[in-house]
Amino acid sequence: MTAHYNPHALEPEIQNRWADVDAFRTELPADAKVEDTFYCLSMFPYPSGYLHVGHARNYTIGDVISRFQRMLGKHVLHPMGWDAFGLPAENAALKNGVSPAAWTKENITYMRAQFKRLGFSFDWSRELATCHPDYYRWEQWFFLKLYEKGLVYRKNAVVNWDPVDQTVLANEQVVDGKGWRSGAPVERREIPQWFLKITDYAEELLASLDELPEWPEQVRAMQRHWIGKSRGVALQFDVIDPQHLLTEQTDTSLQVFTTRPDTLMGVTYLAIAAQHPLSTALAPNNAALRLFIEDCRHIRVSEADIATLDKAGIDTGLKAIHPLSGEAVPIWVANFVLSDYGTGAVMSVPAHDQRDWEFAHTYGLPIKAVIRPTDAEAADVSQGAFTDLGVLYHSAPYDGLTSEAAFEQISHDLKQANKGEQHTQFRIRDWSVSRQRYWGTPIPIIYCETCGSVPVPESDLPVQLPQSVTFDDTGSSPLKRLDAFINTDCPQCGKPAHRETDTFDTFMESSWYYARFASNNNPHTMVTPDANTWLPVDQYVGGIEHAVLHLLYARFFHKLMRDLGLVSSNEPFKRLLCQGMVLAETYYQDLENGGKKYFNPAEIDIERDQKGRIIRASHRADGSTVVCGPIEKMSKSKNNGVDPQQLIDTYGADTVRLFSMFAAPPDQSLEWSDSGVEGSFRFLKKLWRLVMEHDPKAAQTATKTWTSTQQDVRRKIHHTIAKTTDDISRRYRFNTAIAAIMELSNTLQKMVRTTPEDHAVYEEGLRSSVLLLAPITPHICQRLWEHLGETSLLLDQAWPKVDEQALVQSEITLVVQVNGKLRGKILVNPNDEQSVWVAAATAEPSIQKFIHAGQIRKTIVVPGKLINFVVT
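Below you will find a few notes about this structure. (Residues numbered from 1 in each chain as written. Predicted model: local features only at pLDDT ≥ 70, side-chain atom pairs only at ≥ 80, totals over all residues. Heavy atoms only, no water.)

### Comments concerning the packing of helix α19 (residues 674-692) against helix α21 (residues 734-750)
Heads up, the condition is: Working convention: axes come from line fits to C-alpha atoms, limited for helices to the stretch in contact. Angles between N-to-C directions cover 0 to 180 degrees. What counts as a helix is a DSSP run of H or I of at least four residues, what counts as a strand is a run of E of at least two, and both are numbered from the N terminus. In this scheme, roughly parallel covers angles under 35 degrees and roughly antiparallel covers those over 145, while 65 to 115 is roughly perpendicular and the rest are oblique. By convention the crossing between two helices is left-handed if the near helix lies anticlockwise of the far one by an angle smaller than a right angle, and right-handed if it lies clockwise. Residue contacts are defined here by distance: any two heavy atoms, one from each residue, within 4.5 Å place the two residues in contact.
Packing of α19 against α21 brings their axes to within 11 Å, and their N-to-C directions diverge by 40°. Between α19 and α21, the interaxial angle falls into the category oblique. The handedness of the crossing between α19 and α21 is left-handed. Seen from α19, the contacting residues are F683, K686, R689 and L690; seen from α21, they are I741, M742, S745, N746 and Q749.

Below, the structure is given as structure tokens:
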């Protein structure tokens, strides 16, 4: 056994041993029960071609949890696959002249090797890639089943259009008015789209968030907000056309929804979206309106952008009849109204809505206050809207009612007049799943002039995506030009027909992959019955950025699969851990055009002062000075990512794993530190040395009669086991677990070992340390385990148990104070009554001289810590 820790020789050897026995393949026994299983899943990656340390941290978290649960005796499922469809592959094809399929396959091969080098315990027999036909055929099958159930439809819709990626985005994929991937400002276009009726499940998606107590509250709150349940009144304003601007075919019933019917008598205008049918009907004969509608196509659509938008609009010339007062109010087209939120029309009450107030103030429209504070005779709306609830006035016949009472009364009167009724509305909109891109799952629909939209027969699935395609400079999908793919026959009438050339949103693939893992890629069904033994996933690990995009869609898919009889649970993920970001320093030089050129930390030489502060940073290649920027999230844009392969080449995989778990709690941001990595490496070398210096034979003749010193060390050992077990199993605070093990190693290092009993206690501490660290640093621990006389794989060993007797203390030290000042210390039995402690303190000669000089007025005892005598 070598005396020096050499991870570069050790780690490949251990990994080969795991591979030789297929150590991580999961075979579920026929009699396995749900309580005997543990499904740990990390969100699968896009095969971009390389891992960064953020990946390493994320997947180490899942690996630690998986290995720990295996040591607890569970059947553990820990799979890995690839979210392989998407635009980056197309962009790479355009840039490098390589096919998306070849680019993706090459990247998967490279990244798989990186994962294996880090020692992750993935069951590679269950590996999947979403671009494989044997995966997406079941997605197509599932879509057609939903089509049969009426949960799929196609319609022309105003959509979010990404002009750079040349595709539609779902509302959830628009971030601050920009495409979630390209960062380009989103436009509004009307095109035919396929939708899934997620709104049919809005109520359940909202209610069942209460079934997820082990999800971060922040994630649940974000989903509640996105689903956006609100109680209000749906009501009707009848449109009048004094200037005869509309055709007879135009619908003149304007539907609106409001959560504040108590403000109804304060309506002074209606606002409709640029894409509302009334706007469209008026536009052909109104050049100014056409120009305004075109301008609205380019506005950002996030709530934050709409809130700060300069309010603009145009008068349609139409009027609407107030459903209760009968007054005529003008109808405006406004840029702050979106067609896909609500009905695309709002009743505007400028006195009691700030957005409406700003618009009315800009265009000189009336502002009529109808709600006053309960302690005032009127509302002051001269400087802004009064938006609180209150008491109605100027609202005959409702004057004097509270807002709450008016809600009910006005709702009742609208229903009596057949002009409206109470209604619950949701903010969420149906999921647009069509994407005008090539590298995705083909939508299994055929268009026939006679039969219309026809589902592809199940026997013809999968509709395979052609891989031999040519991209042009337009950026459009090559499928639209591929006659061999497009042209086909109608399955119903046999006449010439054509295929859908849109592909699915890639979130379709990532919404059910967890269930496919549990089905072991079964070729005969989408989800196997025994998948329910694994589901729901016990522990899911992934970024907070997926709180709405991925996690909401996955919850929706799970309920769809449940209703098709594929799964038996209501939710896909029992416990969710959102790992924090990995932060690193940034380095850049200013460019003449005002931009910045960023350099990777590996390219920079740093000079520091005696206190470790940076005094100069320079580019290693040419010596030029660079600016030390702020610490930011590792990203390609800031070029501050750290390649874990470089760290592995220097320190080994176990050091990378240890630092990733030790530097910060998993749900908090981790600030990258080269010195921290070096410190983790030093600890592993220290542990190696402690074990290698021990001769297991020295403890063979030991009895179990312990001295007080040996008892103290054993107490430390079993306290560490208890703490580490709780930190990993319940709290997921791997950093404090590692700190406790480090403390134990310090205790062991200080031990004087002269007797067999000394060596026995020392070995017990070493064995415990190795077992406790095994999920975190599995390679070194395997070898240390062998040095301690074992031949089996460490990953199959049981997690160490706490010896409760070892935690019992026969003596503790109490501090004794007199009037708050330290006067001495005493040793006592922790199981004695407090009166015995007090008697021992008063009998102690070093204490007596301070308490006999006066009278003890009060005795304060803090159990296990101190006694304080108050003497006067």
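### Comments concerning empty space enclosed by the protein
Keep this limit in mind: As defined here, a cavity is a set of points on a 1 Å grid over the protein atoms alone where a 1.4 Å probe fits but cannot get out. A pocket is an open set with protein on both sides within 12 Å along at least five of seven lines, and residues line them when an atom is within 4 Å of a point. Grid points are joined across faces, edges and corners, and a volume is the space filled by probe spheres set on the points. Basically, the charged four are Asp, Glu, Lys and Arg, the nonpolar ten are Ala, Val, Leu, Ile, Met, Phe, Trp, Tyr, Cys and Pro, and anything else, Gly included, counts as polar.
Applying the stated rule across the entire model yields 4 cavities of 30 Å³ or more. Taken as a whole, the second largest cavity holds about 80 Å³ of empty space. If you go around the second largest cavity, the residues you meet are W18, R67, M71, A774, P775, P778, Q782, L794 and L795. If you list the elements that add at least two residues to the lining of the second largest cavity, you get α2 (53-71) and α23 (778-787). Residues of the lining of the second largest cavity, tallied by class, amount to 7 nonpolar, 1 polar and 1 charged.

### Considerations on helix α18 (residues 653-662)
Here is the rule we go by: Between buried and exposed lies partly exposed: a residue is buried under 20% and exposed over 50% of the maximum accessible area for its type, with that area taken using a 1.4 Å probe on protein chains only.
Within α18, 9 of the 10 residues are buried, which leaves the element mostly enclosed by the surrounding structure. All buried positions along α18 are accounted for by A653, D654, T655, V656, R657, L658, F659, S660 and M661.

### Some remarks on the nonpolar core
Note the following rule: Nonpolar core, defined: a set of buried Ala, Val, Leu, Ile, Met, Phe, Trp, Tyr and Cys residues in which side-chain atoms within 4.5 Å join the residues together.
Y39, F143, L196, W431, Y514, M561 and W672 are the most contacted members of the largest nonpolar core, which totals 177 residues. Excluding its chain neighbours within four sequence positions, the residues that come into contact with W672 are V53, V582, L583, A584, M634, V642, L647, F659 and V677. Formed by 42 residues, the second largest nonpolar core is a distinct cluster that contains L254, V267, I293 and V333.

### Some remarks on the sheet that holds strand β3 (residues 152-162)
So the rule is basically this: Strands are treated as partners if at least two bridges between them are detected by DSSP.
Taking strand neighbours across the sheet as the criterion, the 4 strands line up as β4-β3-β7-β17 in an open arrangement whose pairing is antiparallel. Strand pairing shows two members of the sheet lacking a second neighbour, β4 (167-169) and β17 (431-432), which therefore form its edges. Where strand β7 (residues 187-196) and β17 come together, 2 bridges link them in antiparallel fashion. Bridge pairing in β17 links F195 to S432. Strand contacts of helix α5 (residues 133-148): β3 and β7, with the helix running at about 85° to β7, the strand carrying the most contacts.

### Some details on the sheet that holds strand β22 (residues 496-499)
With respect to topology, 4 strands assemble into an open sheet ordered β20-β19-β22-β21, the strand pairing being antiparallel. Of all the strands in the sheet, just β20 (452-455) and β21 (487-489) have a single pairing partner and so form its edges. When the angles between neighbouring strand axes are averaged without regard to direction, this sheet yields 40°. Bridging between β21 and β22 involves 3 bridges; their strand directions are antiparallel.

### Some details on the packing of aromatic side chains
This is how the line gets drawn: Stacked, tilted and edge-to-face are the three classes applied to pairs of Phe, Tyr and Trp rings, where Trp contributes its six-membered ring and a pair requires centres within 6.5 Å; stacked means planes under 30 degrees apart, edge-to-face means over 60, and tilted covers the rest.
Considering all chains together, one arrives at 45 aromatic pairs under this definition. Centroid distance Y46 to W103: 6.5 Å. Interplanar angle 40°. Geometry classified as tilted. Placement of the pair is Y46 in the loop between β1 (37-42) and α2 and W103 in helix α4 (residues 100-117), with a sequence separation of 57 residues. Among the residues examined, Y46 registers a relative accessible area of 17% and is labelled buried.

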